[in-house]
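Summary of structural features
Residue-level listing of the chains:
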Amino acid sequence: MEVDPLIWELSIFVLAVFVGYYVIWSVTPALHTPLMAITNAVSSVIIVGALIAAGPEEFSAAKVLGFVAMTLAAVNIFGGFVVTQRMLAMFRSRKR
Amino acid sequence: MSPNLTALAYLAASVLFILALRGLSSPAAARRGNLMGIGGMAIAIATTVVNPDIVSYGWIAAALAIGGVIGTVVARRIEMTAMPQLIAGFHSLVGMAAVLVASAALNHPSTYGIVDAAGLIRFPSRIEMSLGVIVGAITFSGSIVAFAKLQGLMSGDPVMLPGRHVINIVLALAIVVLMVMFVGNPDPNLFWVFTALAFVIGVLLIIPIGGADMPVVISMLNSYSGWAAAGIGFTLENSALIVTGALVGSSGAILSYVMVKAMNRSFLSVILGGFGGDAGPAAKGKNDRPVKSGSAEDAAFVLKNAASVIIVPGYGMAVAQAQHALAETADKLKEMGIRVRYAIHPVAGRMPGHMNVLLAEADVPYEDVVELEEINADFADTDAVIVIGANDVTNPAAKKDPKSPIFGMPILEVERAKTVLFIKRSLAPGYAGIDNDLFYAENTMMLFADAKKMMQDIAKEL
């Protein structure tokens, strides 16, 4: 019997939680606000789900839902990365 | 692109996202990390768009253009003091996007390839999309409430509905029962009802939480937005989305833990709510204790004669917009050869790391900004401490008085310095609503004034 793809996805998920745990503890507390801004931006990769809904030729309610979701996710992607960049640019070292 | 190539591209995007977060271990590496995040996102979007089923390029371009312009303009204009609201707003968008994608999948499952032999939505997909939509809906409405509280659109005071625990438990049970029914029989009406209930419970969960606990709330909602994304990732069988959701989910959970520990609260007590509104209640009696108060001139004299100074900023400093005047004073002191550092309590701002951003904006070099654990031992050898816009985080009662509501909370031990200059408008208590013994200490000089005005006056006197 073959392994259900769900099990592979679950494996990826569990391992990624561990990766997240160790990566996030290594983030300096001084950068916790940029961390939140960038996690916001990257979690908007949910836009791929919206692209699939809005992508087909045929018109449907799903297409409209996908369009709105794409727009919201795009606000977040652009906004998240731009504001992170803006904050990080302000963190200057004493030795300029 | 072959399915294998597509999967590899999503893997590359996932790796770039991990590296983007890893970059935040230092400010220098972080800028490169942000670029990696952008690269990962570009790969993920491009990989999806080249799929032959996706042909509505006009729609996609329009959505990206509209969203892109709005996001960029908002991100460029936002004040750094308003960062917590912006982040709460962003969380709500992730939550709503998850709800919309799950709804689209329900409406048109064949697009997502999640139809079984009987023409119904596949069994595992029913579970995944239900979890994604529930967490997404809670994230959305909860973040909207958090946004409204932070933006001052509604009071930061806890809203305590009578019987709210019973209401929440009944709602939660109803959601679970409806979801189980939907998993058994994918009737869209069940889906809509539990989604609506999830929106309601999102509001009810956040309204009883007071302004003082907002750093925890924002972090928790950050975590929820990640879990919602991961749930949708399972539905789409998309590894990049699953990995990102897991990363963001654990990131928010860790930040919540850091905040909860920094306030010595428990998750349960935060979630149950009722703690800390906009301002503490009026001081309870005993305000006839003598305090030593001073002027800007007195403060400047103390500072000039110090060899080392530590500044303890709190959110009140940001409210008074005093950070620039403060940085100016610090620069003058440094020119005199005095060692100046800033001590940051983890909950000094309205969200994790907020104070560091506000100081960075005022051009304070990040090496001068030190976290609580690293600087606490140094207060004893410090000549002067300036407390500006902070209160509870310096209250010695947290160490000494087991009856105090903040007992056990880690504090900045400023009372051990030779002189404490405490800038405050009045003797009113902080969020926790308790008196601060530090006001009446032998080595404390109270500077009663608006923080910005006082810093400008001190700078003039130097």
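What counts as what
- Residues numbered from 1 in each chain as written.
- Chains lettered and ligands numbered in written order.
- Predicted model: local features only at pLDDT ≥ 70, side-chain atom pairs only at ≥ 80, totals over all residues.
- Heavy atoms only, no water.
- Helix = DSSP H or I, 4+ residues; strand = E, 2+ residues; numbered from the N terminus.
- Buried < 20%, exposed > 50% of the residue type's maximum accessible area, 1.4 Å probe, protein only.
- Axes fitted to C-alpha atoms, helices over the stretch in contact; angles between N-to-C directions.
- Parallel < 35°, antiparallel > 145°, perpendicular 65-115°, else oblique.
- Contact = heavy atoms within 4.5 Å.
- Patch = residues over 30% accessible without salt bridge, like charges linked within 9 Å, V, L, I, M, F, W, Y side chains within 5 Å.
- Areas by Shrake-Rupley, 256 points an atom, 1.4 Å probe, with all protein chains shown as cover.
- Salt bridge = Lys/Arg side-chain N within 4 Å of Asp/Glu carboxyl O.
- Phe/Tyr/Trp six-rings, centres within 6.5 Å; stacked < 30°, edge-to-face > 60°.
- Lys NZ or Arg CZ within 6 Å of the ring centre and 35° of its normal.
- 1 Å grid on protein atoms, 1.4 Å probe; cavity = no way out; pocket = protein on both sides within 12 Å on 5 of 7 lines; lining within 4 Å.
- Points joined across faces, edges and corners; volume = space filled by probe spheres on them.
- Nonpolar A, V, L, I, M, F, W, Y, C, P; charged D, E, K, R; others polar.
- Pairing = 2+ DSSP bridges.
- Buried area = accessible area lost by both parts, 1.4 Å probe.
- Polar contact = N/O pair within 3.5 Å; in protein donor to acceptor, adjacent residues only side chain to side chain.
- pLDDT = per-residue confidence, 0-100.

Let us look at unusual backbone geometry. Residue and element names in this part refer to chain B. A positive phi angle, close to 50°, is found at E237, a residue other than glycine. Secondary-structure assignment places E237 in the loop between helix 8 (214-236) and helix 9 (239-262). A relative accessible area of 42% places E237 in the partly exposed class. One non-glycine residue, D363, lies in positive phi territory at about 70°. Topologically, D363 is positioned in the loop between helix 14 (354-361) and strand 3 (369-371). The class for D363 is partly exposed, based on a relative accessible area of 42%.

What follows is about the packing of helix 1 (residues 5-25) of chain A against helix 1 (residues 3-22) of chain B. At a minimum axis separation of 9 Å, helix 1 of chain A and helix 1 of chain B run at an interaxial angle of 25°. Judged by the angle between their axes, helix 1 of chain A and helix 1 of chain B are roughly parallel. Facing helix 1 of chain A, whose interface residues are V19, V23 and I24 of chain A, helix 1 of chain B presents I18, L21 and R22 of chain B.

It is worth spelling out a nonpolar patch on the surface at this point. On the surface, a nonpolar cluster with roughly 890 Å² of combined accessible area is contributed by L10, V14, F18, Y21, Y22 and W25 of chain A together with Y257, F267 and I271 of chain B. Elements that contribute at least two residues to the nonpolar patch include exactly helix 1 of chain A together with helix 10 (267-272) of chain B. Relative to the helices and strands, V14 of chain A is located in helix 1.

This part covers the packing of aromatic side chains. Ring pairs (aromatic) are described by centroid distance and by the angle formed between their planes. Applying the stated rule across the entire model yields 14 aromatic pairs over all chains. On the numbers, 6.3 Å between centres and 75° between planes, the contact of Y21 of chain A with W25 of chain A is edge-to-face. Here Y21 of chain A pairs with W25 of chain A, and both are found in helix 1, just four residues apart, close to one helical turn. For Y21 of chain A, a relative accessible area of 38% gives the class partly exposed. Three or more aromatic residues joined by ring pairs form one cluster here, namely Y21, Y22 and W25 of chain A together with Y257 of chain B. The ring of W59 of chain B has K63 of chain A lying over it, and the distance from NZ or CZ to the ring centre is 4.5 Å.

To find leftover empty space, one rolls a probe the size of a water molecule over the atoms. Under the defined criterion, the tally for this structure stands at one cavity of 30 Å³ or more. Roughly 30 Å³ of internal volume is contained in the largest cavity. Looking at the largest cavity, the residues that line it are A53, P56, E58, S60 and K63 of chain A together with H108 and T111 of chain B. Of the residues contributing to the lining of the largest cavity, the split by class is two nonpolar, three polar and two charged.

With that out of the way, let us pick up the sheet that holds strand 6 (residues 444-448) of chain B. Residue and element names in this part refer to chain B. Pairing within the open sheet is parallel, and its six strands lie in the order 3-2-1-4-5-6. The open sheet has two edge strands with one neighbour each: strand 3 and strand 6. Along the sheet, successive strands turn relative to each other by an average axial angle of 25°, direction set aside. Where strand 1 (residues 308-313) lies against strand 2 (residues 339-344), four bridges are found, and the strand directions are parallel. Bridge pairing in strand 2 links S308 to R339. Along the sheet face, helix 11 (residues 296-304) touches strand 1, strand 4 (384-388), strand 5 (419-424) and strand 6 and points at about 140° away from the line of strand 6.

Okay, the interface of chain B and chain A next. Between chain B and chain A, the residue contacts involve 102 residues of the former and 83 residues of the latter. For the pairing of chain B and chain A, the buried interface totals around 8100 Å² over both sides, and the portion due to carbon and sulfur atoms is 77%. Broken down residue by residue, the surface that chain B buries against chain A is led by L24, N34 and W59 of chain B, which jointly contribute 9%. Scanning the region where chain B abuts chain A turns up one salt bridge. Here R92 of chain A makes a salt bridge to D363 of chain B, at a shortest N to O gap of 3.8 Å. Inspection of the chain B/chain A interface yields 22 residue pairs in polar contact (both at pLDDT 80 or more). Within the residue set of the side of chain B that touches chain A, elements represented by two or more residues are helix 1, helix 2 (27-49), helix 3 (57-77), helix 4 (83-107), helix 5 (123-151), helix 8, helix 9 and helix 14 of chain B. In terms of residue class, the side of chain B that touches chain A is built from 64 nonpolar, 26 polar and 12 charged.

To continue, consider the confidence of the model for chain A. For chain A, the average pLDDT comes to 94, and 98% of its residues sit at 70 or higher. Confidence, expressed as mean pLDDT per element, reaches its minimum in chain A at helix 1 of chain A with 95 and its maximum at helix 4 (residues 61-90) of chain A with 97.

Along the chain, L236 of chain B turns up in helix 8. It is 34 Å that separates the C-alpha atoms of L236 of chain B and S26 of chain B, two residues lying 210 residues apart in sequence. Beyond its immediate sequence surroundings of up to four residues, L236 of chain B is in contact with V48 and G49 of chain A together with Y112 and L241 of chain B.

This part is about the pairing of strand 6 of chain B. Residue and element names in this part refer to chain B. Among the five residues that make up strand 6, four are buried, leaving the element largely enclosed by the rest of the structure. Here strand 5 pairs with strand 6 via five bridges, running parallel. Paired with L421 across the strands is M445, a residue of strand 6.

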